[in-house]
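# Observations on the model geometry
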Amino acid sequence: MEEKIIEESKQGTATMLDNAVENSAGKKLYLESYGCQMNFSDSEIVASILSEEGYTTTRNSEDADVILMNTCSIRENAEQRVRNKLSQYNKRKKQNPSLVIGVLGCMAERLKKDLLEQEKLVDLVAGPDAYRDLPNLIDDVVGGQKAVNVLLSREETYADIAPVRLGEGGVTAFISIMRGCDNMCSFCVVPFTRGRERSRDPESIVAEAQELFDKGYREVTLLGQNVDSYKWNITKKGEVIDESKPVVTFAGLLEKVALVNSDLRVRFSTSHPKDMTDDVLHTMAKYENLCKYIHLPVQSGSTDVLKRMNRGYTREWYMNRINAIKTILPGTFISTDIITGFCGETDEDHKETLSLMEEVGYEFAYMFFYSERPKTLAERKFEDDIPEETKKQRLYEVQELQSKLSYAANEKLVGQVCKVLVEGTSKRSEDYVYGRNSQNVTTIFPKNNYKPGDYVNVKITDFTSATIKGVPVVE
Ligand code: SAH
Ligand code: SF4
Ligand code: F3S
């Protein structure tokens, strides 16, 4: 999952129901999200909870009565960006003292009341499992107090809340299928900010997918930090909870969602190499609408480094999973996440990452240099001993190689016909539309009369390392 600004909010619906609504009716909420797709998805839950209280969302922070920033802690620079933005919003508070500024998400959970007391940047702090409490927290702030709720839950999945879709286009949507993470990768802050892993009721997931399809959506992405460990009606130890009901694994869930409609594309993120089963791959092979794209973060090509990262697999195990994908699902595009300069990484280790990248031939990658995070296993156990310059140099080498690999991957698509789901008009030209093929490559082609939600067979004629271009095949 990528760390970047992924959304700004737009108009939601207001419903006037009770007294709380009277207080907040007509109030405007500005929601800004940072971090992974999960945060984006959570912002849609937040918009839903607050729309029930009469809030409408605005795209303009200057109109807002309440500004909520849904934040990310994954790397130091992700947090710094949020702090800079918060300082800007705080200046606005001088002119408009009734403005409520809140922090949600992973920074809220990690820093807790420090954000109020030490940094004095906000009025409200709510962690990822506390969003149902937001109406009360905002009331507290309006009443002159500072408000914090950072309780993590073992059960909360927000399964009953219908998200207010904030993305544009009405064609693609995220569905959270689980929350939290029980892995303890030594570099990673997520288990601390998101709490224990819990899966969401499969029926509510299928119902959400069906509803989206009925509204015209044509692609859903199932979200979790480790979707392969999705499980329903069975404990972590493998004990069935209710014998009269079926156990649902991730492969089973994928099949259920695939069956909602063959015209609904299904993607998922993120897979974990230690847990990805052949069952999932066979299910993907069975249904055309399960997109042929897998994001399988490797982090490093060196078994020594992987061990220190506590990833739970070796280079050989990882390559076995890649070979399973290539055998069961030929033509599938594979992407990854890579961290350079983790504690103790030698030149040799780094070369192993480069050689693994070539061996796999990734079509795409998200690449980062290591950023030590407070309280993680790595911070406690290992020295952050690779100089920043070396981390960055290695990152550069990894990026250069990936750029070549992506170029080669897209080059191979020239001459092929890809089925593309139209998402919108190209930003560069009104005469073109864009969408993605099953393998997740952005594809640009002439608009003709196509509209978002159409499937179009496109013959690929041109490419860069980031996109492919083509012409519709007229049948
Ligand atoms: N659950 C997903 C990853 C979520 S975080 C998984 O297990 O793959 C997204 C990516 O951020 C990670 O895959 C990793 O490459 C990167 N990342 C996480 N912590 C980091 C850190 N401390 N420094 C640099 N990159 C990090
Ligand atoms: Fe972090 Fe590892 Fe969990 Fe991914 S699987 S969220 S990297 S602890
Ligand atoms: Fe960031 Fe939290 Fe996601 S740390 S990557 S927003 S789970």
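Residues numbered from 1 in each chain as written. Chains lettered and ligands numbered in written order. Predicted model: local features only at pLDDT ≥ 70, side-chain atom pairs only at ≥ 80, totals over all residues. Heavy atoms only, no water.

### Remarks on empty space enclosed by the protein
One simple way to see leftover space: roll a probe sized like a water molecule over the atoms. The final tally for this structure, using the stated rule, is two cavities of 30 Å³ or more. Each pocket or cavity is described by its volume, and for the largest cavity that value is around 640 Å³. Considering the residues around the largest cavity, the lining is formed by 36 residues, among which I74, C188, V190, Q225 and D337 are closest to the centre. At the level of secondary structure, the elements contributing two or more residues to the lining of the largest cavity comprise α7 (190–194), β16 (333–340) and β17 (364–369). Per-element accounting of the lining of the largest cavity gives the leading share, three residues, to α7. Residues of the lining of the largest cavity, tallied by class, amount to 16 nonpolar, 13 polar and seven charged. Lining the lining of the largest cavity are residues from two domains, each supplying at least three of them: domain 1 (2–149) and domain 2 (172–411). (1 Å grid on protein atoms, 1.4 Å probe; cavity = no way out; pocket = protein on both sides within 12 Å on 5 of 7 lines; lining within 4 Å. Points joined across faces, edges and corners; volume = space filled by probe spheres on them. Helix = DSSP H or I, 4+ residues; strand = E, 2+ residues; numbered from the N terminus. Nonpolar A, V, L, I, M, F, W, Y, C, P; charged D, E, K, R; others polar. Domains from an automatic or database assignment.)

### Thoughts on the site of ligand 3
Neighbouring residues of ligand 3: C36, N39, T71, C72, S73, I74, C106, V190, R194 and Q225. Residues of the shell around ligand 3, tallied by class, amount to five nonpolar, four polar and one charged. If you count residues domain by domain, the shell around ligand 3 takes at least three from each of domain 1 (2–149) and domain 2 (172–411). (Near = heavy atom within 4 Å.)

### A short note on the site of ligand 1
Neighbouring ligand 1 are 16 residues, the closest being Q225, P297, Q299, D337 and S371. Take R75: an N or O atom from its side chain is 3.2 Å from an oxygen atom of ligand 1. At a separation of 2.7 Å, a nitrogen atom of ligand 1 approaches a polar backbone atom of S371. Spatially, ligand 1 is embedded in the largest cavity. Secondary structure elements with two or more residues in the shell around ligand 1: β16 and β17. The residue makeup of the shell around ligand 1, split by class, is eight nonpolar, four polar and four charged. (Polar contact = N/O pair within 3.5 Å; in protein donor to acceptor, adjacent residues only side chain to side chain. Sits in = over half its atoms within 2 Å of the grid points.)

### Overview of the sheet that holds strand β21 (residues 455–463)
In spatial order, the strands read β18-β19-β20-β22-β21; together these five strands close into a barrel with mixed pairing. This sheet shows a mean twist of 55 degrees between the axes of neighbouring strands, independent of strand direction. Note that strand β18 (residues 417–425) and β21 share five bridges and pair antiparallel. Looking at the pairing, V417 lines up with K459 of β21. (Pairing = 2+ DSSP bridges. Axes fitted to C-alpha atoms, helices over the stretch in contact; angles between N-to-C directions.)

### Considerations on the packing of helix α8 (residues 202–214) against helix α9 (residues 250–258)
At their nearest, the axes of α8 and α9 sit 9 Å apart, and the two run at 30 degrees to each other. In terms of their interaxial angle, α8 and α9 are classed as roughly parallel. Classified by chirality, the crossing of α9 by α8 is right-handed. Along the contact surface, α8 presents P202, E203, I205, V206 and A209, while α9 presents L253, K256 and V257. Tallied by class, the residues present in the contact of α8 with α9 amount to six nonpolar, no polar and two charged. (Parallel < 35°, antiparallel > 145°, perpendicular 65-115°, else oblique. Left-handed = near helix turned anticlockwise from the far one by under 90°. Contact = heavy atoms within 4.5 Å.)

### Here we look at the nonpolar core
Ranked by internal contacts, the top residues of the largest apolar core, which has 67 residues, are L222, F250 and Y318. Looking at this core element by element, the count peaks at six residues for α9. When near neighbours in sequence (up to four residues on either side) are disregarded, L222 contacts I175, I177, I205, V227, F250, L253, L254, V257, V266, R267, F268 and S269. Listed in part, the 24 residues of the second largest apolar core include V100, A126, A147 and V164. (Core = buried A, V, L, I, M, F, W, Y, C linked by side-chain atoms within 4.5 Å. Buried < 20%, exposed > 50% of the residue type's maximum accessible area, 1.4 Å probe, protein only.)

### Some points on the domain arrangement of the protein
Looking at the assigned domains, one finds that the protein contains domain 1 (2–149), domain 2 (172–411) and domain 3 (417–472). Distance between the C-alpha centres of domain 1 and domain 2: 29 Å. Residue-level contacts link 18 residues of domain 1 with 21 residues of domain 2. Taken together, both faces of the contact between domain 1 and domain 2 bury some 1,800 Å²; the carbon and sulfur share is 53%. Of all residues in domain 1, Q37, M38 and R75 bury the most surface against domain 2, accounting for 31% of the area lost on that side. At the surface where domain 1 touches domain 2, the tally comes to six salt bridges. When the shortest N-O distance is used, the salt bridge between R373 and E76 registers 3.4 Å. Where domain 1 touches domain 2, the interface holds ten residue pairs in polar contact (both at pLDDT 80 or more). Per element, the largest residue contribution to the side of domain 1 that touches domain 2 is six residues, and it comes from helix α2 (residues 37–51). When its residues are assigned to classes, the side of domain 1 that touches domain 2 shows six nonpolar, four polar and eight charged. (Buried area = accessible area lost by both parts, 1.4 Å probe. Salt bridge = Lys/Arg side-chain N within 4 Å of Asp/Glu carboxyl O.)

### With respect to the environment of D123
Relative to the assigned elements, D123 resides in the loop between α5 (114–117) and β6 (124–126). Sequence separation of D123 and G102 is 21 residues, and the distance between their C-alpha atoms is 5.7 Å. Residues within four places of D123 in sequence aside, it is in contact with K93, L99, V100, I101, L116, V141, K146 and A147. At 2.9 Å, the side chain of D123 forms a polar contact with the side chain of K93.

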